[in-house]
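# Topology and contacts: notes
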Amino acid sequence: MGTSSAHQDREEAERLSTAVGVLADFLSRQPLTQALASLEHQLEGADGTNVIRVAEDSHVVPELLASALTVRESLGRINDLIHACGILLVLPHILGDKERITVRPSLGAGNDPSRPYDLETDQRIAEFKLARWRGADAMRKRQTFKDLVMLAADTSGRPAELFVIGPEPRRFLTTSTSTAAWALDRTPGALRTFTTFGTPSMSVAQFTATHAAHVQITDLRDLLPASVAALLH
């Protein structure tokens, strides 16, 4: 790495550190949900002069917006970091004594065609879903079912595992009457793979109980460090 590039990296790290500090200072005053609700109430009936006063009193200044934009730009791939950390922290607890990772793992969220699974070893294949379900989870449902289908379609004979967060993913997979056609309508490649099992009018629960019955579904909260698991309950 050249001197100029290293200098730019240091400057970027310093800007991010400063921006995080500004956000932390703002959020330390009260939780964001409360802060926004307070602002909404104060702005009701306000004129331009009142808006300026409300913003100043609430510490909503240009530096705060600039800091939020800086953090969003720098940490835009935070989901990838969460995905990678989750896998790395869990691997020592699931790999057997003589088990070896045989394919470069897919630590970022999502897979590329050359690496269809997050983890491939000489003894297993696995997918990791580290998103918490909060009620409006249609996209998460689709992604989780897609991963289940691709795991079930593997013909290597290795055990297949789907690691999730909380009870909701398992409940969806084992009880949902939604069709595979609905669950896979955003992933045509997975839908084509599914047709090897039967008609996509099959329900999610029917597929889980039959063609995917061999795929083990594990709650990552049972494997992650206690300090992390506590944040996911």
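Now for a look at the structure at hand. None of these values were measured; they are calculated from a predicted model.

Here the focus is the environment of S176. Within the secondary structure, S176 is located in the loop between α7 (168–175) and α8 (180–183). On the basis of relative accessibility, which here comes to 10%, the residue S176 falls in the buried class. Separated by 28 residues in the primary sequence, S176 and V204 place their C-alpha atoms 5.7 Å from one another. Among the polar contacts made by the side chain of S176, one reaches the main-chain amide nitrogen of S178 at a distance of 3.1 Å.

On a regular strand, each side chain points to the face opposite its neighbour's, so the side chains alternate between the two faces of the sheet. Along strand β3 (residues 160–164), five of the five residues are buried, which leaves the element largely enclosed by surrounding structure. Residue alternation in β3 divides its side chains into two sets, A160, L162 and V164 and E161 and F163, and both sets are buried. In the sheet, strand β2 (residues 125–128) pairs with β3 via four bridges, with the strands oriented parallel. In the strand pairing of β3, E127 is matched with L162. Following the chain from β2 across helix α6 (residues 138–152) to the adjacent parallel β3, one finds a crossover that is right-handed. In this sheet, strand β4 (residues 216–219) lies alongside β3 in parallel orientation, the contact comprising four bridges. Counterpart to V164 in the pairing with β4 is D219.

Turning our attention to α6. Along an α-helix, residues three or four apart share an orientation, since each turn contains 3.6 residues. For α6, which comprises 15 residues, the first-to-last C-alpha distance of 21 Å matches the rise-based estimate of 21 Å (1.5 Å per residue) to within 8%. Buried residues of α6: R142, T144, F145, D147, L148, V149, L151 and A152, and no others. Buried residues along α6 sit in contact with β2, β3, α7, α8, α9 (188–194) and α10 (204–209).

Now for the nonpolar core. Counting 25 residues, the largest nonpolar core has F145, L148, L173, F194, F207 and V215 as the members making the most contacts within it. Elements that contribute at least two residues to this core include exactly α6, β3, α7, α8, α9 and α10. With five residues, the single largest contributor to this core is α6. Grouped together as the second largest cluster of nonpolar side chains are 13 residues, I87, L91, F163 and I165 included.

Right, let's talk about helix α2 (residues 32–43) for a bit. For α2, with 12 residues, the first-to-last C-alpha span of 16 Å sits near the 16 Å given by 1.5 Å per residue. Of the residues trailing α2, G45 is marked for its positive phi of about 85 degrees.

Tallying each qualifying case throughout the model produces 12 salt bridges. Notably, a salt bridge pairs D219 with R221, separated by 2.8 Å at the nearest N-O pair. Here D219 falls in the buried class, since its relative accessible area comes to 14%. In this structure R221 comes out as buried when scored by relative accessible area, which is 18%. Each of E99, R124 and E161 takes part in one network of salt bridges that share partners.

Strand order in the open sheet formed by four strands is β1-β2-β3-β4, and the pairing between neighbours is mixed. In the strand order of this sheet, the two ends are held by β1 (119–120) and β4, each with one partner. Helix α5 (residues 78–94) rests against β1, β2 and β3 of the sheet, and its axis sits at about 140 degrees to β2.

With that settled, consider the packing of aromatic side chains. Within this structure, the stated rule accounts for seven aromatic pairs. Look at F145 and F194: their rings are 6.3 Å apart centre to centre, the planes differ by 50 degrees, and that puts the pair in the tilted class. Linking F145 in helix α6 with F194 in helix α9, this pair joins segments that are 49 residues apart in sequence. By the ring-pair criterion, three or more aromatic residues cluster together here, those being F145, F194, F197 and F207.

Definitions and limits used
Residues numbered from 1 in each chain as written. Predicted model: local features only at pLDDT ≥ 70, side-chain atom pairs only at ≥ 80, totals over all residues. Heavy atoms only, no water. Helix = DSSP H or I, 4+ residues; strand = E, 2+ residues; numbered from the N terminus. Buried < 20%, exposed > 50% of the residue type's maximum accessible area, 1.4 Å probe, protein only. Polar contact = N/O pair within 3.5 Å; in protein donor to acceptor, adjacent residues only side chain to side chain. Pairing = 2+ DSSP bridges. Right-handed = clockwise from strand over helix to strand, strands pointing away. Expected span 1.5 Å × (residues − 1). Contact = heavy atoms within 4.5 Å. Core = buried A, V, L, I, M, F, W, Y, C linked by side-chain atoms within 4.5 Å. Salt bridge = Lys/Arg side-chain N within 4 Å of Asp/Glu carboxyl O. Axes fitted to C-alpha atoms, helices over the stretch in contact; angles between N-to-C directions. Phe/Tyr/Trp six-rings, centres within 6.5 Å; stacked < 30°, edge-to-face > 60°.

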